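As a plain string of letters, each chain reads:
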Amino acid sequence: QVQLVESGGGLVQAGGSLRLSCVASGRTFSSYVMAWFRQAPGKEREFVATMRWSGGIILYADSVKGRFTISRDNAKNTVYLQMNSLKPEDTAVYYCAAQVGFGRLSRPEEADYWGQGTQVTVSS
């Protein structure tokens, strides 16, 4: 049973930073694609960043490019999202997602597994 557990959310002022963590368990994730999505109140869940656990392809949404960085720690089975220069419009629940294989994970319907989400609130 694959389990994804996010942490690291919180309240931060505009311009600040947060690092989200997603601990993955239940499988060997070397053949998975991992991603972060977010969902603001009243809006659809949207793509933030994605990477293959084995390395290689890393993609970002235009709205976070240059400010957010996705990475992973194989020893800890953890995927991170470093968020810098945060803006009020980054306020959302952030979700970790996983897809089996080496495909593309940039749309919510492409995910096989989801975490429970962690709230990020950026005040102006």
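Residues numbered from 1 in each chain as written. Predicted model: local features only at pLDDT ≥ 70, side-chain atom pairs only at ≥ 80, totals over all residues. Heavy atoms only, no water.

*Asks:* What is the right way to look at the state of the cysteines in this model?
*Replies:* Covalent bonding between the sulfur atoms of two cysteines is what defines a disulfide. Scanning the entire structure with this criterion turns up one disulfide. A disulfide bridge connects Cys22 with Cys96, and the sulfur atoms are separated by 2.1 Å. Residues Cys22 and Cys96 are joined by a disulfide whose S-S torsion is about -75°; by sign, that bridge is left-handed. In this pair, Cys22 is assigned in strand β3 (residues 18-25) and Cys96 in strand β9 (residues 92-100), connecting sequence segments 74 residues apart. On the basis of relative accessibility, which here comes to 0%, the residue Cys22 falls in the buried class. Taking relative accessible area as the criterion, Cys96 reaches 0% and is therefore assigned buried. (Disulfide = S-S within 2.5 Å. Helix = DSSP H or I, 4+ residues; strand = E, 2+ residues; numbered from the N terminus. Buried < 20%, exposed > 50% of the residue type's maximum accessible area, 1.4 Å probe, protein only.)

*Asks:* Sorry, what's going on with the side chain of Ser106 here?
*Replies:* Within the secondary structure, Ser106 is located in the loop between β9 and β10 (113-114). Engagement of the side chain of Ser106 in a polar contact is seen with the side chain of Arg104, the distance being 3.0 Å. Not counting chain neighbours up to four residues away, the residues in contact with Ser106 comprise Phe37 and Phe47. (Polar contact = N/O pair within 3.5 Å; in protein donor to acceptor, adjacent residues only side chain to side chain. Contact = heavy atoms within 4.5 Å.)

*Asks:* How do you make sense of the nonpolar core when you look at a structure like this?
*Replies:* Generally speaking, a soluble globular protein has its nonpolar side chains buried in company with each other. Counting residues in hydrophobic clusters, the biggest one holds 37 residues, and the most contacted among them are Met34, Trp36, Leu81, Met83 and Tyr94. Of all the secondary-structure elements, those providing two or more residues to this core are β3, β4 (32-39), β5 (46-52), β7 (68-73), β8 (78-83), β9 and β11 (118-123). No other element matches β4, which puts six residues into this core. (Core = buried A, V, L, I, M, F, W, Y, C linked by side-chain atoms within 4.5 Å.)

*Asks:* Hey, could you run me through the sheet that holds β3 in this one?
*Replies:* One key point about sheets: their strands pair by backbone hydrogen bonds, in either a parallel or an antiparallel sense. Strand order in the open sheet made by the four strands is β1-β3-β8-β7, with antiparallel pairing throughout. Both outer strands of the open sheet, β1 (3-7) and β7, are each paired with one neighbouring strand and no more. When the angles between neighbouring strand axes are averaged without regard to direction, this sheet yields 15°. In the sheet, β7 pairs with β8 via six bridges, with the strands oriented antiparallel. If you follow Ser71 over to β8, its bridge partner there is Tyr80. (Pairing = 2+ DSSP bridges. Axes fitted to C-alpha atoms, helices over the stretch in contact; angles between N-to-C directions.)

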